[in-house]
Number of protein chains: 2
Amino acid sequence: MRQEDIDRVRALRLFRDVADETFETLLRASFLQRFPRGLTLIRESEPADFLHVVIEGAVEMFAAGNGRETTISLVHPIGAFILAAVLKDQVNLQSARTLEPSQILMIPAVSVRQAMERDPAFMSAIVAELATGYRTVVKDLKNQKLRTGAERLANWLLRQEKERGAGGKVEIDVEKRTLAALLGMTPENLSRALATLKQHGVAVRGAQIEINERDRLVRFAHPDPLIDDYDI
Amino acid sequence: MRQEDIDRVRALRLFRDVADETFETLLRASFLQRFPRGLTLIRESEPADFLHVVIEGAVEMFAAGNGRETTISLVHPIGAFILAAVLKDQVNLQSARTLEPSQILMIPAVSVRQAMERDPAFMSAIVAELATGYRTVVKDLKNQKLRTGAERLANWLLRQEKERGAGGKVEIDVEKRTLAALLGMTPENLSRALATLKQHGVAVRGAQIEINERDRLVRFAHPDPLIDDYDI
DNA sequence: CGTGGGGTTGATACAGTTCAAGATACGTGG
DNA sequence: CCACGTATCTTGAACTGTATCAACCCCACG
């Protein structure tokens, strides 16, 4: 593992303030692995043996049921997943697959739980991480229950623009089918939702989106800090 | 506060293993209050000043947006709510109102955070509580995204029967409008969903439900432990 | 070139909401 | 104790939102 990557992991909120010893112990027990695109890393209903940290690439968290399948979230570098299952020593509620060739740090669940018991700073960081994650899912649930598909898309675009966009330009950097599943709709419906947004200040050319009239899109989307702001 | 109630709070997973001193400090700083039915205890977007524990009665957690409103969860004795907001010293993402005359223990947020810093056992309990809560919301999200309204109702009935029911009899112990909001549908739709279930082994008389042919209902509901089991 | 996967578009069906009216239950005051 | 008024629940009809199925387009890749 390159020192640069180690530093980036160390900078994660989860590890930032832990003792050097804790961090080194965790790292020594871990595996850094490369995976090709499209590989299923973990499967729901299987035990959570490792805490996963995405160093490079992108991972899709998804769940199946009733013959249907839906995406719960996307994890980008540097982000961790299935922390809750690891802590509870329980089975995964979600599956995970790589969306791109990815580099994943796998920390044994036992090590995580031991480190937590030994290092109060680590436990404290875990509390913060869990509380944030909890609130994120509550926001997702509100998003799903209170909005139509087109509204979810509009707000997703506005958030992308704020976080990553430049001058009203947003690129959809995942397959549209994946975005559709994340937004809780079918790919067909996403196409139509994008078409709808053309009447609300948005220009669409493939995966390149341009928000020409931000205020009109905002009027349609009704963004709500209690759903759309990450840092609340 | 009656000793009996104190003991019941002490028995909560959140407090079970904390030091006596921690528990007493928290209690001394707290208020125990009675509220009439229908009172809004906390409002979303307002700061989370107290951790709330339902001693008696019932509380509905809900959220508004887009002119719509939806129920996130119901809290019964003995259960705590808005822990995550309290820990992050942030605003509430949900509002709370009493569904019945209720008795609520209000623990100042500052006290909770201080106690957490001082008592590792308390922090450890908080980690468990947050991890469980996180997984509960993920299940709710899957429930919402992977199932139709009638399926959610069917699975809700099956769970009620398992937890509280006797011999296939289930009583809907909240207003149906509230249940509808919890299940993510309109009251009209809940009526129709109940009517639908009559074709799948269920008898309905007002709020009294009877599951006559459990296997038929199960065949319709497709229950999934990764969504419907509380203890996973 | 063909071939295949992702994406779009159209037609149709289903799920869910809305609005309106009627039925039922329930608390209150006479 | 009954009658009334009110809120909840149910039912019906029309409408919106979403899914499904099928055809077609487009581009990347062998």
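Residues numbered from 1 in each chain as written. Chains lettered and ligands numbered in written order. Predicted model: local features only at pLDDT ≥ 70, side-chain atom pairs only at ≥ 80, totals over all residues. Heavy atoms only, no water.

Looking at an unreviewed UniProt entry, one finds chain A named CRP/FNR family transcriptional regulator, transcriptional activator FtrB and attributed to Consotaella salsifontis.

Draft legend 1. Up close: the protein's contact with DNA strand D. As a matter of local geometry, DNA strand D sits amid 14 residues, with Gly 149 and Asn 189 of chain A together with Lys 176, Ser 191 and Arg 192 of chain B nearest to it. Counting only atoms of DNA strand D within 4 Å of the protein, the sugar-phosphate share comes to 59%. Within the contact set of DNA strand D, a phosphate oxygen lies 2.7 Å away from a side-chain nitrogen or oxygen of Asn 189 of chain A. Elements with a minimum of two residues in the surface near DNA strand D: helix H8 (187-197) of chain A together with helix H7 (176-182) and helix H8 (187-197) of chain B. Classifying every residue of the surface near DNA strand D by side-chain character gives one nonpolar, six polar and seven charged. (Near = heavy atom within 4 Å. Polar contact = N/O pair within 3.5 Å; in protein donor to acceptor, adjacent residues only side chain to side chain. Helix = DSSP H or I, 4+ residues; strand = E, 2+ residues; numbered from the N terminus. Nonpolar A, V, L, I, M, F, W, Y, C, P; charged D, E, K, R; others polar.)

Draft legend 2. Molecular detail of the protein's contact with DNA strand C. If you check the shell around DNA strand C, you find 13 residues, and the closest are Lys 176, Ser 191 and Arg 192 of chain A together with Gly 149 and Asn 189 of chain B. The sugar-phosphate share of atoms of DNA strand C within 4 Å of the protein amounts to 55%. In this structure, Gly 149 of chain B approaches DNA strand C through a main-chain N or O atom, which is 3.1 Å from a phosphate oxygen. In the environment of DNA strand C, a phosphate oxygen lies 3.2 Å from a nitrogen or oxygen atom belonging to the backbone of Thr 186 of chain B.

Draft legend 3. Inspection of the relation of the copies chain B and chain A at higher detail. Between chain B and chain A, which share one sequence, the superposing operator has a rotation angle of 180° and an axial displacement of 0.0 Å; the RMSD is 0.0 Å. Both copies are brought into coincidence by an operation consistent with a two-fold rotation axis. Taking the C-alpha atom as reference, chain B places Tyr 134 of chain B closest to the rotation axis, 2.4 Å from it. (Least-squares fit on C-alpha atoms with pLDDT ≥ 70 in both.)

Draft legend 4. Region of interest: the environment of Asn 212 of chain A. Assignment of secondary structure puts Asn 212 of chain A in the loop between strand E11 (208-211) and helix H9 (214-221). Remark: the alpha-carbon pair of Asn 212 of chain A and Gly 167 of chain A, spanning 45 residues in sequence, is separated by 9.2 Å.

Draft legend 5. Geometry of H9 of chain A. Residue and element names in this part refer to chain A. Among all positions of H9, only Leu 217, Phe 220 and Ala 221 are buried. The buried residues of H9 occupy an angular sector of 90° when projected down its axis, which confines them to one face. Of the exposed residues in H9, those oriented more than 90 degrees away from the buried face are Asp 215 and Arg 219. Of the surrounding secondary structure, the elements contacted by the buried residues of H9 are helix H6 (149-163), H8, strand E10 (202-205) and E11. (Buried < 20%, exposed > 50% of the residue type's maximum accessible area, 1.4 Å probe, protein only. Arc of directions from axis to C-beta. Contact = heavy atoms within 4.5 Å.)

Draft legend 6. Region of the structure containing the packing of helix H2 (residues 20-29) of chain A against helix H4 (residues 109-118) of chain A. Residue and element names in this part refer to chain A. Orientation of H2 relative to H4, taken along the N-to-C sense of each, is 170°, at an axis distance of 10 Å. As far as their axial angle goes, H4 and H2 are roughly antiparallel. Within the contact between the two elements, H2 uses Thr 22, Leu 26 and Ala 29 and H4 uses Ser 111, Val 112 and Ala 115. (Axes fitted to C-alpha atoms, helices over the stretch in contact; angles between N-to-C directions. Parallel < 35°, antiparallel > 145°, perpendicular 65-115°, else oblique.)

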